[in-house]
Amino acid sequence: MKPSGEDRAARAGGPWEECFEAAVQLALRAGQIIRKALSEEKRVSTKTSAVDLVTETDQAVEALILSELQERFPSHRFIAEEAAAAGAKCVLTPSPTWIVDPIDGTCNFVHRFPTVAVSIGFAVNQELEFGVIYHCTEERLYTGQRGRGAFCNGQQLQFRETDLSKALVLTEIGPRRDPATLKLFLSNMERLLRTGAHGVRVIGSSTLALCHLASGAADAYYQFGLHCWDLAAATVIIREAGGIVMDTSGGPLDLMACRVVAAGTREMATLVAQALQTINYGRDDER
Ligand SMILES: O=P(O)(O)O[C@H]1[C@H](O)[C@@H](O)[C@@H](O)[C@@H](O)[C@@H]1O
Ligand SMILES: [Mg+2]
Ligand SMILES: [Mg+2]
């Protein structure tokens, strides 16, 4: 189902509305490209590890999004996954900054597993202003604008309140597969299950996992090894759906720290954070 123009028009207004609408239109265009390419042959390369994949579609979609935004907003700055992989610095300044993941779920995309999204976040004065995440195969447009709510195809999103012993917990494995990292990843999953959580799920897309939280389809998320472009848009959507996004230390979210806990309440997020052993993936702004 496509988001209806009148739904979005109903929320018109806000200081960055022109940027928000540009992000929505670009996410929908990118989603069409990704949806078509999903079933086609792909040229697959690797980045930081044999399981950290990138395709020509990641590159093409990122080039499309950045070129269109740079033409419309030449004074703005950009942080994007594949540019960062090519050596661009991830520095969040007070300037209006776009934070882009052209395909979140590239490993899924390579395997034609249909859980794939494009994620476009936007920050000003180092404050996240809006996020747009498009589930390319289910045609679900998730949006969040600071102070203006979170929506999926025009339907307002709201967290479902629950406690950890009844929670469905989502997580993702980062790109490292060394024995020590795998041991910690599995140990954290065991720790969460020992709290009595109903289940733990790994769906292959951190942004869509966070959108499931915001829509009430899951209750908590944690990860070590994701990046600022996985987090930026989803953080606004979670917050605007009434949820909490924090650092795994229990402190405030650090967008560049490559780790996160999210839940419907600070209490739930804190309980999840307290159960976790840290896996150190470094920082996006120190690469
Ligand atoms: O597909 P990507 O854009 O590389 O995102 C990955 C992410 O980097 C990784 O940490 C996991 O969260 C995966 O689920 C994401 O798809
Ligand atoms: Mg990603
Ligand atoms: Mg990506």
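Here the structure is a predicted model, which means the values were calculated and not measured.

Focus on the sheet that holds strand E4 (residues 97–104)
- Here we have seven strands laid out as an open sheet, ordered E3-E4-E5-E6-E7-E8-E9, and mixed in their pairing. The open sheet has two free edges, formed respectively by strand E3 (77–80) and strand E9 (155–156), since each of these has just one partner strand.
- Relative to strand E7 (residues 140–145), strand E6 (residues 127–135) runs antiparallel, the two being bridged by six bridges. Looking at E7, one finds that Val-132 is bridged to Thr-143.
- Sitting on the sheet, helix H2 (residues 17–37) touches E4, strand E5 (117–124), E6 and E7, and the angle it makes with E6 is about 25°.
- Contacting E3, E4, E5, E6, E7 and strand E8 (150–152), helix H8 (residues 228–240) crosses the sheet at an angle of about 100° to E6.

Observations regarding the coordination of the magnesium ion (ligand 3)
- Only Glu-81 (OE), Asp-101 (OD) and Ile-103 (O) from the protein reach the magnesium ion (ligand 3) as donors, at distances of 2.0 to 2.1 Å.
- In the primary structure, the donors to the magnesium ion (ligand 3) are separated according to the pattern E-x19-D-x1-I.
- If you look at the magnesium ion (ligand 3) and the magnesium ion (ligand 2), they sit 3.6 Å from each other and are both ligated by Asp-101. In this pair, Glu-81 sits in helix H4 (residues 81–85) while Asp-101 sits in strand E4, placing the two residues 20 residues apart along the sequence. For the pair Glu-81 and Asp-101, one class covers both residues: buried.

A word on the coordination of the magnesium ion (ligand 2)
- Summarising the metal site, the magnesium ion (ligand 2) is bound by the protein donors Asp-101 (OD), Asp-104 (OD) and Asp-230 (OD), whose distances to it range over 1.9 to 2.1 Å.
- Read in sequence order, the donor residues coordinating the magnesium ion (ligand 2) give the pattern D-x2-D-x125-D.
- A relative accessible area of 0% means that Asp-101 is categorised as buried.

Concerning unusual backbone geometry
- Phi at Arg-112 is positive, roughly 65°, even though this residue is not glycine.
- Position of Arg-112 among the secondary structure elements: in the loop between helix H5 (106–110) and E5.
- The partly exposed category is assigned to Arg-112, whose relative accessible area is 39%.
- Positive phi outside glycine occurs at Glu-139, with the angle close to 55°.
- Mapped onto the fold, Glu-139 is located in the loop between E6 and E7.

Comments concerning the UniProt feature "binding site: Mg(2+)" (unreviewed entry) in the protein chain
- The residues that UniProt annotates with the feature "binding site: Mg(2+)" (unreviewed entry) are Glu-81, Asp-101, Ile-103, Asp-104 and Asp-230. In summary, the annotated positions, though distributed over 150 residues, converge in three dimensions, the widest C-alpha pair being only 9.8 Å.
- Assignment of secondary structure puts Ile-103 in strand E4.
- Setting aside anything within four residues of it in sequence, one finds Ile-103 in contact with Ile-34, Thr-55, Thr-57, Asp-58, Glu-81, Phe-109, Val-116 and Ala-117.
- Its relative accessible area of 7% is what places Asp-230 among the buried residues.
- With residues near it in sequence (within four places) discarded, Asp-230 still touches Asp-101, Asp-104, Ser-206, Thr-207 and Leu-210.
- From its side chain, Asp-230 meets the backbone nitrogen of His-227 in a polar contact 2.9 Å long.

Regarding the nonpolar core
- Membership of the largest hydrophobic core comes to 40 residues, with the highest contact counts inside it found for Ile-99 and Ile-133.
- Breaking this core down by element, the ones donating at least two residues are E5, E6, E8, helix H7 (206–214), H8 and strand E14 (259–263).
- Per-element tally for this core: the top contributor is H8, with nine residues.
- Counting contributing residues, this core receives three or more from each of domain 1 (16–156) and domain 2 (164–275).
- In this structure, Ile-99 is in contact with Ile-79, Leu-92, Ser-119, Ile-120, Gly-121, Leu-128, Cys-228, Trp-229, Ala-232 and Leu-255, ignoring residues within four places of it in sequence.

What counts, and where the lines are drawn
- Throughout this document, residue positions are counted from 1 along each chain, in the order its sequence is written.
- Chain letters start at A and ligand numbers start at 1, both assigned in the order the entries are written.
- Predicted model: local features are reported for residues with pLDDT of at least 70 only, side-chain atom pairs are reported and counted for 80 or more only, and whole-chain, interface and lining totals are derived from all residues.
- Based on all heavy atoms of the structure, the side-chain values leave hydrogens and waters out of the count.
- At least two bridges found by DSSP between two strands is the condition for calling them paired.
- Here a strand is any run of E in DSSP of at least two residues, a helix any run of H or I of at least four, and the numbering for each starts at the N terminus.
- Whether two residues are in contact is decided by their heavy atoms, any of which lying within 4.5 Å being enough.
- Axis definition: a line fit to C-alpha positions, over the contact stretch in the case of helices; interaxial angles, taken between N-to-C directions, run 0 to 180 degrees.
- The donor definition counts N, O and S atoms within 2.8 Å of each metal and applies 3.2 Å to Na, K and Ca; water is not among these atoms, so some sites may look incomplete.
- Throughout, exposure labels follow a simple rule: accessible area from a 1.4 Å probe, protein chains only, divided by the maximum for the residue type, with under 20% read as buried, over 50% as exposed, and the rest as partly exposed.
- UniProt positions are given in the numbering used here, feature names are shortened, and annotations may be inferred rather than shown by experiment.
- In protein, a polar contact means a hydrogen-donor-capable atom and an acceptor-capable atom, both N or O and within 3.5 Å, with residues adjacent in sequence counting only if both atoms are side-chain atoms; elsewhere, any N or O pair within 3.5 Å suffices.
- Only buried Ala, Val, Leu, Ile, Met, Phe, Trp, Tyr and Cys residues count toward a nonpolar core, and they belong to the same one when joined by side-chain atoms within 4.5 Å.
- Residue ranges assigned to each domain were obtained from an automatic or database domain assignment.

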